[in-house]
Amino acid sequence: MKQIVCLLFFCIIGPLFAQQQQTQEARRKALERQQLRLAQNYQRRNEHQSALRLLVPLYQKNSGSLQIYQELLESYMQLGMHDQAMDLITTQKETAASNPRYDVDYGAILYKSDRKEEAMDVWRQVLKEKGGSVGVFTMVANKMLVNRLYDEAIEMFKEAYKLHPKKHFLLREIANFYHRRLDYENAIDYYLRFVKEDP
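Only a predicted model underlies this, so the values are computations on that prediction, with no experimental measurement involved. (Residues numbered from 1 in each chain as written. Predicted model: local features only at pLDDT ≥ 70, side-chain atom pairs only at ≥ 80, totals over all residues. Heavy atoms only, no water.)

1. Looking at the overall build of the protein chain
The criterion, for reference: Secondary structure elements are taken from DSSP: a helix is a run of H or I of four residues or more, a strand is a run of E of two residues or more, and numbering for both begins at the N terminus. Using a 1.4 Å probe on the protein chains alone, a residue whose accessible area is under 20% of its type maximum counts as buried, one over 50% counts as exposed, and one in between counts as partly exposed. Throughout, a residue-residue contact means that at least one pair of heavy atoms, one from each residue, lies within 4.5 Å. Areas reported here follow the Shrake-Rupley algorithm with a probe of radius 1.4 Å; residue values treat only the protein chains shown as occluding.
On a plain count of helices and strands, the protein chain comes out with 10 helices and zero strands. The burial tally for the protein chain puts 35% of its 199 residues in the buried class. For the protein chain, the proportion of contacts with a sequence separation of at least 24, taken over those separated by at least 6, is 45%. Working note: accessible area of the protein chain is about 12600 Å², and carbon and sulfur atoms make up 53% of it.

Here you go:
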């Protein structure tokens, strides 16, 4: 009889305890999402110091989270905290060493630290190691664009198109870059090439 009572007790209490743990986990996740949104609001208002007060503990609790990593890296970069940004990249790279994003980000930090040639070398090395994938070309070119390296970004897309002539959207990207540079003649030329190749 005592065993039956114990069995019933565990059958009733066990699921209630598990449900309570799930509820606490759901609350914790909701609070973290709310903190992340608040940090993003601070970033939009260019209050990166306030964003860091939320993002650093969030990243420590969720090491490896790509979204939190990107937001934290953005604030570090905006505040000129290049050493902290490098440490962040090193930590994040441990979770996914084969992801080229972290090397591309490392190149961006080098560029922001007035080490342009080293940054270009890192970006070229990433392209070499990843076999010239269109995604990696795009990632590097977009990082160049953010850093106002328009001519280099255009050359990056031209090189990508030479390696991948069936990827016609690259022609449109080249045209967009020329358009941003107010080089309308080349922009129109590449837009027309894009329309001709991909009607």
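2. Considering the layout of surface pockets
Basically, it comes down to this: Grid points spaced at 1 Å over the protein atoms alone were grouped into cavities, where a 1.4 Å probe fits but cannot get out, and pockets, open sets with protein on both sides within 12 Å along at least five of seven lines, with lining residues defined by an atom within 4 Å of a point. Grid points are joined across faces, edges and corners, and a volume is the space filled by probe spheres set on the points. For this scheme, ten residues count as nonpolar: Ala, Val, Leu, Ile, Met, Phe, Trp, Tyr, Cys and Pro. Four count as charged, namely Asp, Glu, Lys and Arg, and the remainder, Gly too, count as polar.
By volume, the largest pocket amounts to about 330 Å³. If you go around the largest pocket, you meet 15 residues; those closest to its centre are Leu73, Glu74, Met77, Asp105 and Lys143. For the lining of the largest pocket, the secondary-structure elements that each account for two or more residues are α3 (66-78), α5 (101-112) and α7 (134-146). Broken down by element, the lining of the largest pocket gets its largest block of residues, six residues, from α3. Across the lining of the largest pocket, the residue classes break down as six nonpolar, three polar and six charged.

3. Describing the environment of Gly64
If you trace the backbone, Gly64 turns up in the loop between α2 (48-61) and α3. Note on Gly64: relative accessible area 24%, which makes it partly exposed.

4. What to know about a nonpolar patch on the surface
This is how the line gets drawn: Each patch is built from residues lacking any salt bridge and having more than 30% relative accessible area; the joining distance is 9 Å for like charges and 5 Å for nonpolar side chains (Val, Leu, Ile, Met, Phe, Trp, Tyr). For this analysis, a salt bridge means a side-chain nitrogen from Lys or Arg found within 4 Å of a carboxyl oxygen belonging to Asp or Glu.
Taken together, the side chains of Leu182, Tyr184, Ile188 and Leu192 make up a nonpolar region of the molecular surface, amounting to roughly 440 Å² of accessible area. Structurally, Ile188 is set in helix α10 (residues 184-197).

5. Comments concerning the packing of α3 against α5
We apply this condition: Lines fitted to the C-alpha atoms define the axes, with helices restricted to the stretch that makes contact. Angles between their N-to-C directions range from 0 to 180 degrees. The cut-offs work like this: below 35 degrees is roughly parallel, past 145 is roughly antiparallel, 65 to 115 is roughly perpendicular, and the gaps in between are oblique.
Packing of α3 against α5 brings their axes to within 12 Å, and their N-to-C directions diverge by 5 degrees. Between α3 and α5, the angle falls in the class roughly parallel. Only Arg101, Tyr102, Asp105, Ala108, Ile109 and Lys112 of α5 make contact with α3, whose side of the interface consists of Leu66, Tyr69, Gln70, Leu73 and Met77. Partitioned by chemical class, the residues of the contact of α3 with α5 number seven nonpolar, one polar and three charged.

6. Observations concerning α7
To keep it simple, the criterion reads: The length a helix should cover is 1.5 Å for every residue beyond the first.
An ideal rise of 1.5 Å per residue puts 18 Å on 13 residues; α7 measures up with 18 Å between its terminal C-alpha atoms. Where the residues of α7 are buried, they touch α5, α6 (116-129), α8 (150-163) and α9 (169-180). Positive phi appears at Arg148, one or two residues downstream of α7, with a value of about 60 degrees.

7. Thoughts on the pattern of salt bridges
Once their charged atoms are close, side chains differing in charge can pair, the charge on each being opposite to the other. The tally for this structure, following the rule as stated, stands at 11 salt bridges. Among the ionic pairs, Asp121 bridges to Arg124, the shortest N-O distance being 3.0 Å. Here Arg124 and Asp121 lie together in helix α6, a separation of three residues that amounts to about one turn. According to the relative accessible area criterion, Asp121 is partly exposed, its value standing at 44%. Accessibility expressed as a relative area gives 45% for Arg124, which makes it partly exposed.

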